[in-house]
Amino acid sequence: MEKKPFGRTGVQVAAVGQGSWDLPETGRGRKEAIAAIRRGIELGMTHVDTAEMYGSGRVEEMLADALSGLAREQLFVTTKVLPSNASYAGTIAACERSLQRLRLDHLDLYLLHWPGSHPLEQTMAALEKLAEDGKTCLIGVSNFDVEELREAQSYLRSQELAANQVLYHLKERTAEARLLPYCKEHGIAFVGYTPFGRGRFPRREAEPRGVLGRIAAKHGKTPRQVILNFLTRDPALFAIPKASSIKHVEENAAASGWKLDDEEARAIDDAFPVHAGPLATL
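In short, a report on the structure. (Residues numbered from 1 in each chain as written. Predicted model: local features only at pLDDT ≥ 70, side-chain atom pairs only at ≥ 80, totals over all residues. Heavy atoms only, no water.)

What follows concerns helix H3 (residues 88–102). The terminal C-alpha atoms of H3, which comprises 15 residues, lie 22 Å apart, in line with the 21 Å expected from a rise of 1.5 Å per residue. Residues Gly 90, Thr 91, Ala 94, Cys 95, Ser 98, Leu 99, Arg 101 and Leu 102 constitute the buried set of H3. In this structure, the buried side of H3 is in contact with helix H2 (58–67), strand S4 (76–81), strand S5 (107–112) and helix H4 (120–132). Where H3 begins, the side chain of Ser 87 points an oxygen toward the backbone nitrogen of Gly 90, at a separation of 2.9 Å. Within two residues after H3, Arg 103 carries a phi angle of roughly 60°, on the positive side. (Helix = DSSP H or I, 4+ residues; strand = E, 2+ residues; numbered from the N terminus. Expected span 1.5 Å × (residues − 1). Buried < 20%, exposed > 50% of the residue type's maximum accessible area, 1.4 Å probe, protein only. Contact = heavy atoms within 4.5 Å. Polar contact = N/O pair within 3.5 Å; in protein donor to acceptor, adjacent residues only side chain to side chain.)

Here's what the structure looks like:
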């Protein structure tokens, strides 16, 4: 799995990681999810993403089991505070609860899940405090557009904004118009979630005669691997597809370590153009 510098931090992070939204929290599905996450880590997908919102904390608890016994220094663990909890004191308390559920003494990255009603200045001050106290190595945000990023940065005194996690797939490339250039200019890692678009998966283009199908056949890859490769083509771009089965994790891992040529990238650009507009969220 290719690793690259995570924004301006210089920390080496897997280009393709593992998301955990909507993973099974009980029964056989939970066991399969744990096995998938561990397999992904074996394949170098060591960036594992979660949030206190997922299953009201139960997904964090499931991840604790998945990460148990693994070398902590090889992992890059991200979780997020809910905006409803993101007062100064609430952010500190939420991080402590997440650490307890994950059974970790620190996070690698802690994010505000989306802009909320609590004053952003308070939230950013709390994130800085958590970093200063060693509870998280890096801090960032999620679902922030350019103006919101500027505001968040203006409140920081001792830390830099390391990452912005946003919705990003072939049929939702709005972020490339303004947000991605801003992130690159300011050394902010751009982490795309839902890279396959869920209900907007490009099925027609993924068929054998479609643009993704043709490129996949040329490289001996699958259309999903072509998608992930394209969405992580820039040094600033990272992706966190959901890790739900060993089969899917192994497919995702093989999306890295090879490159689309310029003609192929242009063909994908033409099929899925960038449109200007407000940042999209789920």
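From this point, the narrative continues.
Counted under the stated rule, the structure contains zero disulfides. Counting only cysteine sulfurs, Cys 137 is the nearest neighbor of Cys 95, a cysteine outside any disulfide, at a range of 11 Å. (Disulfide = S-S within 2.5 Å.)

We now examine H4. Spanning 13 residues, H4 covers 18 Å between terminal C-alpha atoms, matching the ideal 18 Å at 1.5 Å per step. Along H4, the positions that sit buried rather than exposed are Leu 120, Thr 123, Met 124, Ala 126, Leu 127, Glu 128, Leu 130 and Ala 131. Elements that come into contact with the buried residues of H4 comprise H3, S5, strand S6 (136–142), helix H5 (146–154) and strand S7 (161–167). Two residues or fewer after H4 comes Gly 134, characterised by a positive phi angle close to 80°.

With respect to burial, S6 is a largely interior element, six of its seven residues being buried. Where S5 meets S6, five bridges bridge the pair, whose relative direction is parallel. Residue pairing in the sheet places Leu 109 in a bridge with Leu 138 of S6. One crossover worth recording links S5 to the parallel S6 by way of H4, and it is right-handed. Once the chain exits S6 it traverses H5 before rejoining the sheet at S7, and the crossover so formed is right-handed. (Pairing = 2+ DSSP bridges. Right-handed = clockwise from strand over helix to strand, strands pointing away.)

For the rest of this paragraph, the subject is the pairing of S7. Burial runs high along S7: seven of the seven residues are buried. Looking at chain direction, S6 and S7 are connected through four bridges and run parallel. Residue Ile 139 lies in a different strand from S7, and its bridge partner there is Leu 161. With five bridges joining them, S7 and strand S8 (residues 189–193) adopt parallel strand pairing.

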